[in-house]
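Spelled out, the chains give:
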Amino acid sequence: KAHAKVLRQDGVVRIDNVLPGSLADEMREFVVELRQDSHEQVSSGKLKSRERYADVLLKENRCDLTLPLTNQLTADCLAAVLQQSPVGETIANLLTKDAVLYELSCLTSDPGSHRQVMHPDTPCAGDDDDPVLYTCFVALQDIQLDMGPTTWMPGTHTLEAHEQFKDETVSSSETKSPKDTLLEKGPVVLGLLPKGSCGIFDSRLLHCGGANTSADNKSRAVFYFSWKNPSVTNAGNPGSIRPAYINQYTLQALDKELKKHVKGKSKLFVNDRNSFDS
């Protein structure tokens, strides 16, 4: 309830130690191998790009790689984050257990990636507008300043903030537009997350990925998933998820399967631990 309260108010909250370091290391290694396999499969024409990749703002040196849900490593990571940390209950408190799995991916920004422009993932329709998505970014390594951490602007998930963000007019009595004033003076937090920690944020919140200026070739890899409000029909933004999983799993249904997985009885998580495919 405490995390949910902060999310409602600020639009972003940090929760530490949601994924054991050993699992974070294993997932990061898996993503590196999956990325290479995906490049080969798509380049050869064996797979379509949308079967492995999602769109990401400023694609150069960034990769949004959708993950297979049914392999056992994904199951172990989801079980740790959703069942053995406060994350699952936080999402349920905000969206109920009917929340729909909307994204399941890993975002990697390599050295040389540029800073994104500030943006929301979904629009804000009104002050009484319900949240659309809540996204959980889990760090697969310590995220340092030169790796381009996510920048979030707390409190900007409101209609007032969105209207100011869209207003680029400069009046005769001012030297800056309302948008420039917001970006210059608005509160900012940086996602300098230790390995295995996460930031959960409202999709309407203004945010951006930073530039990765690492001189020692350190990529920033973030395992992430998002949950859609069950009362929202159209999120307004395509989800980073493999086509076969779209609108297939609620938080409650996935929770049941993960509990079965822990007991070795799941029929969903049946693929090899390192399987690249669903």
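Residues numbered from 1 in each chain as written. Predicted model: local features only at pLDDT ≥ 70, side-chain atom pairs only at ≥ 80, totals over all residues. Heavy atoms only, no water.

Asker: Would you explain the overall build of the chain in this entry?
Answerer: The secondary structure content of the chain amounts to seven helices and nine strands. The C-alpha atoms of the chain give 19 Å as radius of gyration, which agrees with the globular expectation for 278 residues (19 Å, within 12%). Across its three principal directions, the C-alpha atoms of the chain cover 65 × 40 × 35 Å. Carbon and sulfur atoms provide 48% of the accessible area of the chain, an area that totals close to 13,100 Å². Across the chain, 31 positive and 37 negative side-chain charges occur, with their mean positions spaced 5 Å apart. (Helix = DSSP H or I, 4+ residues; strand = E, 2+ residues; numbered from the N terminus. Rg over C-alpha atoms; globule rule 2.2 N^0.38 Å. Areas by Shrake-Rupley, 256 points an atom, 1.4 Å probe, with all protein chains shown as cover. Lys, Arg positive; Asp, Glu negative; His and termini not counted. Charge placed at Lys NZ, Arg CZ, Asp CG, Glu CD.)

Asker: It is not clear to me how the sheet that holds strand E6 (residues 189-190) should be interpreted in this structure. Could you clarify?
Answerer: Within a sheet, adjacent strands bond to each other through the backbone by hydrogen bonds, running parallel or antiparallel. Spatially, the three strands line up as an open sheet ordered E6-E5-E8, and their pairing is antiparallel. At either margin of the open sheet sits one strand with a lone partner, and together these are E6 and strand E8 (207-208). Taken together, the two bridges between strand E5 (residues 151-152) and E6 define a ladder with antiparallel strand orientation. In the sheet register, Trp-152 faces E6, and the bridge partner there is Val-189. (Pairing = 2+ DSSP bridges.)

Asker: Just to check I follow, could you spell out the packing of helix H2 (residues 21-43) against helix H3 (residues 72-83) for this structure?
Answerer: Angle between the axes and distance between the axes: these two values describe a pair of packed helices. Packing of H2 against H3 leaves a shortest axis separation of 10 Å and a crossing angle of 140°. When the interaxial angle is binned, H2 and H3 end up oblique. The handedness of the crossing between H2 and H3 comes out as left-handed. The segment H2 lies against H3, with Leu-23, Glu-26, Met-27 and Phe-30 engaging Leu-73, Thr-74, Asp-76, Cys-77 and Ala-80. Partitioning the contact of H2 with H3 into residue classes produces six nonpolar, one polar and two charged. (Axes fitted to C-alpha atoms, helices over the stretch in contact; angles between N-to-C directions. Parallel < 35°, antiparallel > 145°, perpendicular 65-115°, else oblique. Left-handed = near helix turned anticlockwise from the far one by under 90°. Contact = heavy atoms within 4.5 Å. Nonpolar A, V, L, I, M, F, W, Y, C, P; charged D, E, K, R; others polar.)

Asker: What exactly am I supposed to notice about the nonpolar core here?
Answerer: Burial of nonpolar side chains together is a common tendency in soluble globular proteins. Of all hydrophobic cores here, the largest spans 52 residues; its most connected members are Leu-19, Val-87, Ile-200, Phe-223, Phe-225, Trp-227 and Leu-254. Sequence-distant contacts of Val-87, that is, excluding residues within four places in its chain, are made with Ile-15, Val-18, Val-81, Leu-82, Cys-136, Cys-198 and Ile-200. Formed by 12 residues, the second largest nonpolar core is a distinct cluster that contains Val-56, Ile-143, Leu-193 and Val-222. (Core = buried A, V, L, I, M, F, W, Y, C linked by side-chain atoms within 4.5 Å. Buried < 20%, exposed > 50% of the residue type's maximum accessible area, 1.4 Å probe, protein only.)

Asker: Looking at this structure, I do not really get the sheet that holds strand E2 (residues 62-66). What am I missing?
Answerer: Judged by pairing direction, the sheet is antiparallel, and its six strands sit side by side in the order E1-E7-E4-E9-E3-E2 without closing on themselves. Each edge of the sheet is formed by a strand with only one pairing partner; in this case those strands are strand E1 (12-15) and E2. The sheet shows a mean angle of 20° between the axes of neighbouring strands, direction not considered. Here E2 pairs with strand E3 (residues 100-109) via five bridges, running antiparallel. Paired with Cys-63 across the bridge in E3 is Thr-108. Together, E3, strand E4 (133-139) and strand E9 (220-228) form the strand contacts of H3, whose direction differs from that of E9 by roughly 70°.

Asker: For this particular structure, what's the right way to read the pattern of salt bridges?
Answerer: Considering all chains together, one arrives at 14 salt bridges under this definition. Linking Glu-168 and Lys-179 is a salt bridge whose minimum nitrogen-to-oxygen distance equals 3.4 Å. A residue pair is termed long-range when its members are at least 10 positions apart, and Glu-168 in the loop between helix H5 (159-166) and helix H6 (178-185) and Lys-179 in helix H6 qualify at 11 residues. Judged by relative accessible area, Glu-168 falls into the exposed class, the value being 55%. Here Asp-216 and Lys-218 are joined by a salt bridge, their closest N and O atoms 3.9 Å apart. (Salt bridge = Lys/Arg side-chain N within 4 Å of Asp/Glu carboxyl O.)

Shape is all these values report; function is a separate question.
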